[in-house]
Each structure stands twice: as C-alpha cells, then as structure tokens.
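Remarks on the overall topology
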Amino acid sequence: MHNVQRRVGMTFSLCMALIFISGQVFAAAKEVKIGFALSMTGGGAAYGATQKNGIQLAVDEINAAAGSEGIKIVPVFEDDASLPQQGINVFNKFINADKVSLIIGPTLSNTAQVTDRIAQQAGMPVLAVSNTAKGITEIGDCIFRDSLTEMVVIPNTIKVAKEKLGVHKVAVFYGNDDAFTKGGYDAFKQAIADAGLEVLTEQTFAKGDRDFSPQLTQIKSKNPDAIIVSALVEEASGIVSQARQLGIAATVPIIGGNGFNSPALLKNAGEAAEGVMMGASWNASSSLPLNKKFVAAFTARCGNPPDQFAAQAYAGVYIAYEALKKAGSDHKAIQSALGQIKDLDTVLGKFSFTSGRDAEHTPVVQVVKGGKFAVFGE
Amino acid sequence: MDLLAQQLINGLFIGSVYGLFAVGYTLVFGVLDILNLAHAAVFTLGGLLALWLVETGGLSIWLAFPVSVLCCGILGLLLDRVAFVPLRQRADSNFSGLISSIAMAIIFESAALGLFGARTVRFPAHTVPVHIWRWGGISITSLQVEIVAISLLLMVALTQFLNRARAGKAIRAVAENDRTSRLLGIHVDGIIAFTFFISSALGGAAGILFGLYFDSLSPDMGRSIELKGLAVIILGGMGSIPGAILGGLAFGLSEVLTVAITGTSNLRDAVAFTVLFAVLILRPSGLLGRKKMREA
Amino acid sequence: MEALCQFFAIYGSLVNFIGINALLALSLYLTMAAGQLSLGSAAFAGIGGYTAGILTMKLGVPFLLSVAAGSILSGLVGLIIGLPVLRLRGVFLAIATLSFGEVVRIAVLNLDITGGAQGLVGIPNLTKTWGIYLALAVAGYTIARLRHSRIGWCFESIREDETAASAMGINTTYYKTLSFVLGAILAGFAGGLYAHLNYIITPREFGFSVAVDLLIFNIVGGIRVWYGPVLGAVLLTALPEILRGTGVTAGPIRMALNGLILLLVILFLPNGLVSIFGRTGQEREKAPVDAVPEEG
C-alpha cells in the first residue's frame, strides 16, 4: 500500500513537473481496454499460445505508434482452459469487472457457442478470430468474426480440385469428436455433393489419435483420386505422412481445409507434405506488404513463423482498432463501427464484414510446393 | 488379401507399442497392487525429453534414447518416494496410491506444458534413417521393424530378468507377498523403488519410440494411450508381464480388425472398450492373469 | 446491495457451476459411501443431461418433468450396468465403469439426435440458481439422514469390510447396487440441471477427465462426511477464479497447483480438508490410517 502511494506520488509530481516545463496540459493517448479470452491450457492450448503471440505483436505495434493523439490498447488476457464453463466466467469478468470495450475470442467454437450468448445479452461486442463453427454470428448482432468458415473456404477448393486435377472419386477422412473437424466434414460433404463427386469411403478418427494406418489402409484399397481430410494440424501431419508411408502414391492429392494451414504441417509431415492441397483464409507467402512485414516481425519475435491462427488474431486486433478509433469506448458505437468496416487492408487481404457480420475476403487455394505454401496454379 | 495382410501388420505394430507401454503399468500393479496413473505422464516426458536432447542438446538419437530412458527411471524413483512411500503403511494404500498417482500425473503434465510448450513437435527429419519395403500392396518401414524389435527385446529382457536375476526374483517375491519377503531378508522398499525405476524407464522408452514413429509429441500425448493401456493390462491379466504383451497385441489387432471388417472407423474405440467391459465381467482375471480375483 | 449485484454479475455463473459440481460430487459420494469406486458418474450425468435436454428441446416436455425423466433413465441404466459390474472390486470396478463411460461418450458422438461433436445446441435456459441450491440442500439433508438409517449403516459396514458385512447377513449385492443406482439418479438429475444452464452441452463435458475431477472433489474435500465432497467441489471449482482474481498468470502453474493440492491432501489429510475443521471424536475413530501420524 505504502509503495503504491509513493509511486502515485512520484508520478504525480513528475506530471506536475512536465506541465510546468511544457507550460501546457499534456495530452495523453486515450486508453481502451480489450478483453482477450484465449485457451492457454487444455485441448486448445497450442492455438491459444500462437494467437496470444499474434495479438501481443499487434498491440505493441499499435501502442508504439499511438503517440499522444491516437488510442492505446490495454489488453486483458484470460485463460479459459479450453472449457466452456471457465469461458463463461472469463466473459462475466470482462463484462462486469474489467468493463472492457470489446472482447476478442474465445479460441474454440464450442466455448463461443456459450460465451457469446452472454456477451449478446450484455450488449458487449465480440470479435471471434478463430471460431469457424456454424451459427456463431447468428447468436446476435454483437457477434462478429474475422475467420472465414469452412463453408466459404472449401467449395472453392473442391471445385479447383475437380477442374484442374480431374478428381472424380474421393475418400473422406475426418475427426468425428470435435466441433471443428466435424463442421469441416459437413462442409466437404456439401461441396462434394454440389460438385458431383463420388465418395468411395468415409473414415473417422478421434482427437488425440496418432495411428491412422488402419483407416488409411482401408482408403488405399479403394483407389481414390484424392483423399479429402478434415483435421486440425496435429492430426493432419500424421495422416499425411502415414498415407505416403503406406504407399498411397504422391499423385493422389490430399486435400484439407483451414486446419491444414499451419507451418507445423510442413515441419511435422516433412517431405510427405509435398503436394498437399488446402483451402485457407490466409496465405503465408502472400506478397502484400502488410503481410510480409507481419511474417518478418512475428518470426523475429517468436522464433517461429506465424500460422493462420496468429494471422487472424493479429488481423483481429487491427480490425478492432479501426472500429475503436472511430467509436471510442461505447459498445453500441463500436458495434456499428465494426459493421461499417469495408475493404480494410489487413494481413488477410482486403477485409469487410458481410451483413451477417461474417468475414468477407478472398479465400485461397494453397498447395505445398518445395516445402512452402504456394497459391495453387501460380 | 493385401488389404488384410497390411491391416494385420498395422495391428501387430501398434499392438507392440501398446504392449511396451502396458508392461511398465502392469509391473507396478503386480508388485504393489497400485494402479499408477502417472505412467502415461512419464511416457510423455520420456518422448519430449529425448526430443529436447536431440534438438537442443545435439545428441544423436542412439545416445538420447538411453539418457532419456535413464531420466525416466529416475523420475520413477522420485514418483515412488513422493507419492507412494508415504502411503505404504495405510490400510487403503492402493486407493490413496491411485489418487496420489493422479496428482503426480497432473503435476508432470503441467511440467511438460511449462517446459516444452503446448505445440505438437517432432523429431528432426532423418533422426533415424527410414527405409520403406513394399511387396505388392503391402508396405513396412524399417523404423516399424526396429520399433517392434526393440519392444520385443525389452520385453524379453524384462521377463528373463524377472525369472533369472536375483533382483528380478526379489521383485517377484515382493509381488507375491511383501511380509514374507521381508522375513526372507529382502530389502522390500529398495525392491519397490527398483520396480518403479524399471517401470518408468520402460514407459519412457515407449514414449520415445511412439514419438519417433508417429512424428508427433505433445504434453497431452499420454492421454489417449493411458486408457488403451488400461484396457491392455486388463485384457492380459493385471500384473502379468506376458499377459500385457499378449494383451497389447490383441488390443492392437482388435482395433485394426474392427476397421477392416466394418469398413468404417466410427466404432473402433467403442468396440475396444466394449471388449474391455466384457472381459471384466466375464473373466476379470484376463487372458493370463492369476485366477484369484484380486482386491485392489 | 449494489455490491451483491455486482458480485452476482461477475460470479453468477460460477455460483451455478459450484452448485452443479457439488451435486455431481455428492452423487459419486453416494456410491463411495458403500466403498465402491466408480468413474461412471460423469457418464450418468451425460445420460441425464442429454435425455432432459432432448425432451425439453425436441418434444416440449416441461422442464421439471424432463429433468426427472433424465434422472430416472440414468438410474435405470445404473441398475442394468450395476448388477454385473458391482461384482468387481476396487480398481477393477473403476476401470469397468470407466469403459462404460467411454462407450456412452462414443455413442453420444455418433448419434444424430444428440448433435454429435457439435453438441446439443439450443436447450432453453431454465435452470435457476435457487433451484440448484434447493436441490443441493435436499440432497445434502437426505444423505446426512441416510447415514444414520439402516441403509447408511449397511453402506458403511460394506465399505469397512465387505466380507464381514456379508457374514453378518447384510445383502451386500443389494446395498452396493442401491448405492450405485442412487448415485446414478443424482448424477442424472444434476446433468439435467446442467443441460438447461448454458444453451448447449457437448460430449466432452461428460468424459473421462470430468469423472476424474469428481473423484478429486471427493478426495480433497473428504469422503467421511457428506459435506466433504461439497467442500471439495466448492473450493476446486472456485480455485481458477480465485487465482484469476489474485492475478496468478494463466497456464501450467494453475494446472500444477491443482495437482499439488491433491497430492498434499492425500499425503497429509487422508480424510480430506474437512478434517481441518470439525474433527469430531467419531471422525477420528474412523480415520483409515493406522501408522501415519494425523497431520504428517
């Protein structure tokens, strides 16, 4: 207590001195609190960690550039332990105790299904930066997201595979105990039916599985033109490398969605990743100057290149910043300012919100080429 | 035909990894009648530590493997000292031991998370040179052969050790009856500590082999094998070493055959756990367990 | 008054979860009171939760009726599972109930009516805080009364020594099954309340780790008196929020602390945290310790 008083006292006299010297009241940057609900432990810990790195980078850049006129972001980070229960507690704290202006998160869609309803009731704007499940933004007009859903990303990928690679008969392989991978499967199924492809076999795995050879052996015996996989990167890299080990020819492409778009795929699947195709929301090798700067800064700071989770979280902070600049800290004003964002330059490309508050920017079809993600056909 | 042959190979391979994991589990159970739920956490730490030695320490895997296995053995001694020794005289020591092993599992997993991070990582490519053999539609990798060989070697060595060596015989004596063993002049506490050393070392070895083959290590990698390991030791008969090996193979094959026969994989885990459930009800002593239903 | 409103705005949901977790912990306590170690409580809560949720959501059944239906169905399943399973003891029983839990979880994942991995979405929020605590009060009171009834004494004698209890003419099968079914009914009831709390339930909320959490609540609180599990549930559910309030950084530390608390309790307070408070002569006499000094 004593210490705090002394510090306050010192700050005060320092301020007085400054005023005295400069002869005018010092205009401080305006501070805005943003609550970040991330999964730092539990099943989503790997994603929460990379998101936090992306966010911290964006916040530091914004605050360094704030000067005396702009706004400074005061981040409040909380861990929801990948559990909806704790996510609710985090949101209640953000809304009622920290009184943040905006919430970014949570990491997992399952948690968002619950927490975003609380925010909606309280009129608190939420920007989701990684949720891709159906129905998140439909919770209400306070809920926005900058992550393209599998529903947007996948149809295009399937179309390209059919037209450019002559894929007609496919095998489908997905995780059936996780909201993200199951949602991706639904999107693939729809897109496959729309494109008129034939499904030879459907196989499933569970989160945490490491051995996929029984299913892949089954798939191999059907001789598909391509294998369509809905998985997060932990499982995706194992599936890719085991498929090649089992002798599924490199000419049979493996096609994935957002979950595949991570440097971890290149690292963990190694050479086997070559030729893997995926629909994605962010292209790491994009030549946009903003993106190049982001990739370089992130790599320098964290020692590893960013993945899509980091990119979307980083973009999310800038999208929020854009709204906060216009709206100040009033919730209603922030909400309408978010809705008006149009063609904002971000690392994801030109970014707008749809009338349904979902992300609108061009998805990419990527392919792994020479150990790097490249845009398909370039 | 190729399909079935390949599936059988898949099953034998994963089964031998399950077996190696389960041997350590069942060894402690045989001696102490305690289910050591921290075994999966040691498995995880073994894999991650070996990776750290290879990647950061620059050791070759042939050196990192024994070093990490040794560290896991020492971790086993620590586990025994902290979580089991203080409970040994209690009337409900097998129940409280189960609980304290859960506590240690949580502590170990959080240590893995804190030390190595949450990301899924792998051994650098070509840590072990891999050659793939193909006959028609069947493929086997040299790594698979090596892993099965190492697993079998370790399991055979353990069996021989228990049957022949003095310390091994002492372990069996303590497993049979610790009071009598004490009377016979066996240093029971030392033997139990030694059992934990061997069990954890084997668990760590399983973690390294698992990580090497599947190219993915993460702090929660022990979770899915933990339940499967339980199924394996029940299937084989609690406390029986050959039972654990056989149980591992049987479990691996049952998983694979479910996929091969039904053509889908939705039911893979359900079938495995239903089998486990049925074995418990119909023949709780397992395939090779002692006839007497043990109170644990 | 305003401070109270503010408190509820921030911690209202936490208060609800504490109540639900206390009910679930009590359901496991009921089974453990007769000496049976079950890891199936989470699955029973899932059966109750999904049944109640589906009834209110899809068939428009009134709230209380659907919660009751879920609770009864859970009890019935408990009866069907309990009869064969309860012949097993200790760890074997724990593993059997655990595999039952896994089968339930996999079934829920693969059914259409439960919404699979995405969860059952759109259950109306009908559970009120007072309702939870009323249920908790009734459950606590009933269990406290039960203890001094014939049923309570039978439970206790089975826990202390099943063989002796049987020799004294107690129908152990009947009472063990009773304790198991009562536990399933209460778990199903709590699951039904939980389903109507947050608009959505997912299979993961009723998995293995939740079953272990419930066991931890019981151990940390103490399984000798009914308020032990309640205390454990209150403390451990609130702990993450208390740490959040005191600014302990997120991540591994919080997890490690959970493990550490469990370890310290099992090592030094074998009767749980309640033994710090009301240590009556009766409790002391029943301590399951014969050689370890009470406070270590």
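Rules behind the numbers
- Residues numbered from 1 in each chain as written.
- Chains lettered and ligands numbered in written order.
- Predicted model: local features only at pLDDT ≥ 70, side-chain atom pairs only at ≥ 80, totals over all residues.
- Heavy atoms only, no water.
- Phe/Tyr/Trp six-rings, centres within 6.5 Å; stacked < 30°, edge-to-face > 60°.
- Helix = DSSP H or I, 4+ residues; strand = E, 2+ residues; numbered from the N terminus.
- Buried < 20%, exposed > 50% of the residue type's maximum accessible area, 1.4 Å probe, protein only.
- Contact = heavy atoms within 4.5 Å.
- Buried area = accessible area lost by both parts, 1.4 Å probe.
- Polar contact = N/O pair within 3.5 Å; in protein donor to acceptor, adjacent residues only side chain to side chain.
- Core = buried A, V, L, I, M, F, W, Y, C linked by side-chain atoms within 4.5 Å.
- Salt bridge = Lys/Arg side-chain N within 4 Å of Asp/Glu carboxyl O.
- Nonpolar A, V, L, I, M, F, W, Y, C, P; charged D, E, K, R; others polar.
- Axes fitted to C-alpha atoms, helices over the stretch in contact; angles between N-to-C directions.
- Left-handed = near helix turned anticlockwise from the far one by under 90°.
- Parallel < 35°, antiparallel > 145°, perpendicular 65-115°, else oblique.
- Pairing = 2+ DSSP bridges.
- Domains from an automatic or database assignment.

Some thoughts on the packing of aromatic side chains
With the rule as written, the count across this model stands at 34 aromatic pairs over all chains. Ring centres of Phe173 of chain A and Phe205 of chain A lie 5.3 Å apart, and the angle between their planes is 80°; this geometry places the pair in the edge-to-face category. Placement of Phe173 of chain A in strand β6 (residues 169–175) and of Phe205 of chain A in strand β7 (residues 198–205) is noted, with a sequence separation of 32 residues between them. You can call Phe173 of chain A buried: its relative accessible area is 0%. Judged by relative accessible area, Phe205 of chain A falls into the buried class, the value being 4%. With 4.8 Å between their ring centres and 80° between their planes, Tyr213 of chain B and Phe214 of chain B make a pair best called edge-to-face. Relative accessible area serves as the criterion here: at 2%, Phe214 of chain B is assigned to the buried category. Of the aromatic side chains, those joined through ring pairs into one cluster are Phe13, Phe21, Tyr25, Phe43, Phe210, Tyr213 and Phe214 of chain B.

Some details on the interface of chain C and chain B
Of the residues lining the interface, 42 residues belong to chain C; the matching set on chain B comes to 43 residues. Across the chain C/chain B interface, buried area totals approximately 3,800 Å², and carbon plus sulfur atoms make up 80% of it. When the buried surface of chain C facing chain B is broken down by residue, Phe92, Ile95 and Met255 of chain C rank first, second and third, together holding 17% of it. Summed over the shared surface of chain C and chain B, the number is three residue pairs in polar contact (both at pLDDT 80 or more). Going through the elements one at a time, α3 (63–85), α4 (90–110), α9 (208–221) and α11 (252–268) of chain C are the ones with two or more residues in the side of chain C that touches chain B. In terms of residue count, α4 of chain C provides more of the side of chain C that touches chain B than any other element does, twelve residues in total.

Overview of unusual backbone geometry
Residues and elements named next belong to chain A. At the junction of Gly105 and Pro106, the peptide bond is cis and its omega measures out at -15° in the coordinates. Inspection of the secondary structure puts Pro106 in the loop between β3 (102–104) and α4 (109–122). With phi around 50°, Asn223 is a residue other than glycine that occupies positive phi space. Its relative accessible area of 60% is what places Asn223 among the exposed residues.

A few points about the nonpolar core
As a rule of thumb, soluble globular proteins bury nonpolar side chains together. Counting residues in hydrophobic clusters, the biggest one holds 212 residues, and the most contacted among them are Leu35, Phe108, Phe123 and Met238 of chain B together with Leu23, Ile95 and Leu215 of chain C. Counting residues in each nonpolar core, the second largest holds 43 residues, with Ala58, Leu102, Ala315 and Leu344 of chain A among its members.

Brief notes about the interface of chain C and chain A
Opposite the 26 residues of chain C that make contact, chain A presents 26 residues. Here chain C and chain A share an interface that buries about 2,400 Å² over both sides, 51% of which is from carbon and sulfur atoms. Sorting the residues of chain C by area buried against chain A places Gln118, Arg204 and Arg244 of chain C first, and these three jointly supply 25% of that buried surface. Along the contact surface separating chain C from chain A lie three salt bridges. Of the charged contacts, one joins Asp79 of chain A and Arg254 of chain C as a salt bridge, the two residues approaching to 4.0 Å between their closest N and O atoms. For the pair chain C and chain A, the interface holds twelve residue pairs in polar contact (both at pLDDT 80 or more). Put simply, the parts of the chain that give the side of chain C that touches chain A at least two residues each are α1 (2–33), α4, α10 (227–245) and α11 of chain C. When residues in the side of chain C that touches chain A are grouped by element, the largest group, seven residues, is from α1 of chain C. Residues of the side of chain C that touches chain A, tallied by class, amount to 13 nonpolar, eight polar and five charged.

Topic: the packing of helix α1 (residues 2–32) of chain B against helix α10 (residues 241–262) of chain B
All names here are of chain B. The geometry of α1 relative to α10 is characterised by a closest axis approach of 6 Å and an angle of 145° between their N-to-C directions. As for the relative orientation of α1 and α10, their crossing is right-handed in sense. Of the residues that constitute the contact of α1 with α10, the class distribution is 18 nonpolar, nine polar and one charged.

A few points about the packing of helix α5 (residues 129–147) of chain C against helix α8 (residues 172–195) of chain C
All names here are of chain C. The N-to-C vectors of α5 and α8 enclose an angle of 170°; their axes lie 11 Å apart at closest approach. Taken together, α5 and α8 sit at an angle that is classed as roughly antiparallel. Where α5 abuts α8, its residues Ile132, Ala135, Ala139, Ile143 and Leu146 lie against Leu182, Leu186, Phe189 and Leu193. Partitioned by chemical class, the residues of the contact of α5 with α8 number nine nonpolar, no polar and no charged.

Let's talk about the sheet that holds strand β14 (residues 364–369) of chain A
Residues and elements named next belong to chain A. On the basis of which strands lie adjacent, the open sheet formed by seven strands has the order β7-β6-β8-β9-β10-β14-β15 and mixed pairing. Of all the strands in the sheet, the pair left with one neighbour each is β7 and β15 (372–375). When the angles between neighbouring strand axes are averaged without regard to direction, this sheet yields 25°. Pairing analysis gives five bridges linking β6 to strand β8 (residues 226–230), with the strands arranged parallel. Opposite Phe173, over in β8, you have Val229 as the bridge partner. This element, helix α5 (residues 150–165), spans β8, β9 (254–256), β10 (277–280) and β14 of the sheet and lies at about 145° to β10.

Topic: the domain arrangement of chain A
Residues and elements named next belong to chain A. According to the domain assignment, chain A contains domain 1 (27–148 + 289–360) and domain 2 (150–280). Averaged C-alpha coordinates put domain 1 and domain 2 at centres separated by 29 Å. At the interface, nine residues of domain 1 touch 13 residues of domain 2. Summing the contributions of domain 1 and of domain 2, the shared interface buries around 1,000 Å²; its carbon and sulfur component is 57%. Sorting the residues of domain 1 by area buried against domain 2 places Tyr47, Leu148 and Gln308 first, and these three jointly supply 50% of that buried surface. Taken together, the links from domain 1 to domain 2 amount to zero salt bridges. Between domain 1 and domain 2 we count four residue pairs in polar contact (both at pLDDT 80 or more) in total. A per-class count over the side of domain 1 that touches domain 2 returns five nonpolar, three polar and one charged.

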